[in-house]
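For reference, the chains in residue letters:
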Amino acid sequence: MRALAVATALTAAVLTAAPAAADTTAPYLPVPTGHQPVGVTSLWLKDTSRPDPWVPAVPYRELMVSVFYPTNSANGPKKQYMTPRESELNLARQNIPGLPLDVFSTVRTNAVVDARPVGRPHSLPLVVLSPGWTQPRATLTTWAEDLASHGYAVAVIDHTYENRAQTFPDGHVTECAACAFDDDEATFWPKFYAVRTADTSFVLDELLSRHSKWRGGSLIDPSRIGMTGHSAGGAETTHAMLADPRIRAGADVDGSQHVTLPAAGLSRPFMFMGSMDEYVPGQMGPYDDWETDWQHLYGWKRWIMVSGTAHASFGDLGPLAAQLGVDIGNSIDAFRAVDITRAYLRAFFDQNLRCQHQPLMAAPSPSYPEVTFIG
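Worth saying up front: this structure is predicted, and the values here are computed from it rather than measured.

Helix-helix packing is described using two parameters, namely the angle between the two axes and the distance between the axes. In contact at an axis separation of 10 Å, helix α3 (residues 141-149) and helix α8 (residues 334-353) are set at 50° when each is read in the N-to-C sense. Classified by the angle between their axes, α3 and α8 sit oblique to one another. Seen along the crossing, α3 lies across α8 with a hand that is right-handed. Contacts from T142, W143, D146 and L147 in α3 reach V338, T341, R342, L345 and R346 in α8. Here the residues of the contact of α3 with α8 sort into 4 nonpolar, 2 polar and 3 charged.

Time to look at the packing of helix α4 (residues 185-208) against helix α5 (residues 232-243). Between α4 and α5, the shortest axis-to-axis distance is 9 Å and the interhelical angle comes to 65°. If you check the angle between α4 and α5, you find them roughly perpendicular. Along this stretch, α4 crosses α5, giving a crossing that reads as right-handed. Along its contact with α4, which presents W189, F192, Y193, R196, T197 and T200, the element α5 presents A232, G233, A235, E236, H239, A240 and A243.

With that out of the way, let us pick up the sheet that holds strand β10 (residues 270-275). Strand order in the open sheet formed by 10 strands is β3-β1-β2-β5-β4-β8-β9-β10-β11-β12, and the pairing between neighbours is mixed. The sheet terminates laterally at β3 (112-113) and β12 (371-373), the two strands that pair on one side only. Taken strand by strand, α3 contacts β1 (38-47), β2 (61-70), β4 (124-130), β5 (153-158), β8 (220-230) and β9 (247-253), and its axis lies near 45° from that of β2. Along the sheet, α8 contacts β4, β8, β9, β10, β11 (301-306) and β12; its crossing angle with β9, the most-contacted strand, is approximately 160°.

Calculation rules
- Residues numbered from 1 in each chain as written.
- Predicted model: local features only at pLDDT ≥ 70, side-chain atom pairs only at ≥ 80, totals over all residues.
- Heavy atoms only, no water.
- Axes fitted to C-alpha atoms, helices over the stretch in contact; angles between N-to-C directions.
- Helix = DSSP H or I, 4+ residues; strand = E, 2+ residues; numbered from the N terminus.
- Parallel < 35°, antiparallel > 145°, perpendicular 65-115°, else oblique.
- Left-handed = near helix turned anticlockwise from the far one by under 90°.
- Contact = heavy atoms within 4.5 Å.
- Nonpolar A, V, L, I, M, F, W, Y, C, P; charged D, E, K, R; others polar.
- Pairing = 2+ DSSP bridges.

Taken by themselves, the reported measurements are silent on function.
Okay, structure coming up:
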């Protein structure tokens, strides 16, 4: 039950945190490692072919998507991480002493809002990112900014009614209607994956259309599409790949599968990345379903584990928690954990979408002694 037990990553582990010290410096996200400045555009998409699966009274499925991409200049207004209301609704349930509920609205990011996309037609590989259960798309900003700085287009999907708060351009805010259904695992997880798979394919349709909803749509190479996500968003990736052959390569970052692959399996490149501290081969635990799915991955595959990490270490919440004085249970430096995650995700997609051999994918590296190759 990893995705539900630790889905709200700045959550149960932080309830005993000491009050955060007063700090006049706003928390910040790690700087992207690529040479290109990053732009970001938010898209409000409506799928009128289906009612909302979590709130059937809504006759369409509406989604917010952030597209990150390379641009020419880092000058301009940076994207707000969350609105004050989104921050409040994400933190209110946690009762963390001394932590202002609007703190996530002050986080400093690195992407310039609505900057002009750059690139040749069909030159940018596209990576789709999916956040964990109850988490907003904002929590994968670090991955998105970094990939975009290396020449990728990155689409980060907010799955409506599955997160604690989501704001639309007309001002209405949706909350977690799907949270009312997660007690029954046998019915919840199959529906969860079906909903997210449909969301992902719809977003790809909108981005790749001749009349793309993103003005840089013509820059995307439709033959080089990858996907990854954190927690339940990572686990979604195999399901989306099975449903949509346009997704050429995928990675699951610390997400329990819950619904394992069929025997026919998946024959496209795939990578697992998780926490070595919580893995005991052959025993029940957060990764036992990975052992099952590993046998049904028939294409190029890699399984790596990172020592010292906790569930929240891999994305934005690790370094943000460290800056706010919140203990998430990690022993590795929070920024180091994100550096490792970004390096291996870049190497995976560079190898499998750009066909560039990556030594990090071939064998353990002395530059990253925290990383263990399982397979």
